Structures are given as C-alpha cells and as structure tokens.
Amino acid sequence: MGLLRYSINLTLDGCYDHNAVDPDEESHRYAAETLARADALLFGRVIYQMMESAWRPPAEPGTKPEWTEPFAQAISAAKKYVVSSTLEQVDWNAELVRGDLGEAVERLKGDHDEVYVGGVMLPMALAELGLIDEYEFLVHPRVAGYGPTLFAGLSRPLDLTPVGRREFTSGMVATRYEPRR
C-alpha cells in the first residue's frame with residue numbers, strides 16, 4: 001500500500017494563505033524535488049484550479065523567475081487526481097475522482113507508491129478519515145497577523161510524531177510528522 005503525504009506552506013502564526021509566504025529559490029527547488037518523487041498528486045478543486053492557473057504551460061516569458069522552472073515542469077508532468085463534485089472535466093494530465101472519498105483514496109494508495117496531497121479542505125477531510133500517512137509543514141519565518149489557520153474545525157486533536165526536519169537558509173523549516181496510531 002502506498003503512502004499519502006500532505007505538504008503545506010504556513011506562516012509562524014499558522015496562516016496558510018499562499019499570499020502570506022514568500023517562497024524563494026531554495027524552497028522551490030525542494031518543492032520540485034518533492035513533486036518529482038511522487039507518483040501522483042491529489043487535489044481538491046480549489047488547489048487544482050489555483051495550481052493550473054499559476055503553473056500550466058506556457059508561461060509568458062519573464063513573468064516568473066527562471067528558478068521556478070523545475071517546479072513548473074514537475075507539477076505539469078505529474079499525474080493529478082482531482083476531487084470535485086462541481087467540475088465536469090479536467091485535463092493537464094488529471095482525472096476526476098468521484099464517489100466515496102475514503103474508498104477512492106484507498107484505491108489511489110493501492111495503485112501508487114507515493115501520493116502527495118495539497119490544499120486545505122480536502123486534507124482536512126482526509127485527516128478526519130485517518131488516511132494521511134505523513135504531514136509536512138513548511139513553516140516560513142513570517143507572522144501574517146491574519147487567518148485562515150490550518151485544520152480549524154477539526155473534530156478531534158491530531159496527535160503526531162516528528163519523523164524529519166530540514167532547515168533552509170531563509171529560515172523556513174520543513175518538519176515531517178506521522179500520525180500516532
């Protein structure tokens with residue numbers, strides 16, 4: 001059975017708004033390496049559409065720093081699964097996931113060695129179902145001073161055990177956790 005890994009960028013005060021952090025070359029390189037290791041990506045509608053609008057080729061020349069290109073290539077090449085009850089179709093190397101979420105994700109984990117999930121609402125539903133095998137929080141050295149905060153409204157505490165940590169020259173810290181079972 002494959003692993004479902006969740007990764008998200010946060011500020012020190014827990015804000016996950018993608019505009020609240022300022023990714024740099026080192027963090028983009030790390031994200032590209034992470035995506036390249038994954039067999040598949042799992043997104044909800046919101047994160048899929050956000051990533052597609054930001055990273056689907058072709059980008060206008062000069063609109064993004066050159067060092068973002070490995071990430072753009074990795075996310076474009078990745079097989080993507082999109083959980084949505086409102087989208088009628090997807091492309092960009094993606095397919096829709098329908099039906100019971102737990103059963104669908106178990107099938108994906110059975111078909112792939114490593115599936116990465118991004119976003120907020122879908123990972124919260126997956127956490128509630130106990131389907132996430134590893135959590136990675138990329139905490140940037142910034143206080144946003146506003147919400148939204150991650151996992152607000154979770155029905156019960158999520159107890160985690162640290163399994164890895166990496167510090168970046170920017171001060172960002174990537175910490176990986178596994179759920180205590």
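Here the structure is a predicted model, which means the values were calculated and not measured.

Rules of the game
Residues numbered from 1 in each chain as written. Predicted model: local features only at pLDDT ≥ 70, side-chain atom pairs only at ≥ 80, totals over all residues. Heavy atoms only, no water. Phe/Tyr/Trp six-rings, centres within 6.5 Å; stacked < 30°, edge-to-face > 60°. Helix = DSSP H or I, 4+ residues; strand = E, 2+ residues; numbered from the N terminus. Buried < 20%, exposed > 50% of the residue type's maximum accessible area, 1.4 Å probe, protein only. Pairing = 2+ DSSP bridges. Axes fitted to C-alpha atoms, helices over the stretch in contact; angles between N-to-C directions. Lys, Arg positive; Asp, Glu negative; His and termini not counted. Salt bridge = Lys/Arg side-chain N within 4 Å of Asp/Glu carboxyl O. Polar contact = N/O pair within 3.5 Å; in protein donor to acceptor, adjacent residues only side chain to side chain. Contact = heavy atoms within 4.5 Å.

Caption draft 1: Quick look at the packing of aromatic side chains. This model, assessed by the stated rule, comprises 8 aromatic pairs. Aromatic side chains Tyr48 and Trp92 sit 6.1 Å apart centroid to centroid with 50 degrees between the ring planes, which places their arrangement in the tilted category. Of this pair, Tyr48 sits in helix α2 (residues 45-55) while Trp92 sits in the loop between β3 (80-83) and β4 (94-97), and the two are 44 residues apart along the sequence. Exposure class is identical for Tyr48 and Trp92. Each is buried. Note on Phe137 and Tyr177: the rings are 5.9 Å apart at their centroids and 55 degrees apart in plane angle, and the pair reads as tilted. On the criterion of sequence distance, the pair formed by Phe137 in strand β6 (residues 134-140) and Tyr177 in strand β8 (residues 173-179) is long-range, its members being 40 residues apart. Among the residues examined, Phe137 registers a relative accessible area of 12% and is labelled buried.

Caption draft 2: Spotlight on the sheet that holds strand β5 (residues 114-117). The 8 strands are arranged β4-β3-β2-β5-β1-β6-β8-β7 in an open sheet whose pairing can be described as mixed. Only two strands of the sheet have a single partner each, and these edge strands are β4 and β7 (160-167). Geometrically, the sheet is characterised by an average inter-axis angle of 25 degrees between neighbouring strands, direction not taken into account. Looking at chain direction, strand β2 (residues 40-44) and β3 are connected through 4 bridges and run parallel. Across the sheet, Leu41 pairs through a bridge with Lys80, a residue of β3.

Caption draft 3: Up close: the side chain of Glu136. With respect to the helices and strands, the residue Glu136 is situated in strand β6. No salt bridge is formed by the buried Glu136; its nearest oppositely charged neighbour, Arg176, is found at 5.3 Å. Only 2.8 Å separates the side chain of Glu136 from the side chain of Ser7, close enough to count as a polar contact. Not counting chain neighbours up to four residues away, the residues in contact with Glu136 comprise Tyr6, Ser7, Ile8, Tyr30, Ala174, Thr175 and Arg176.

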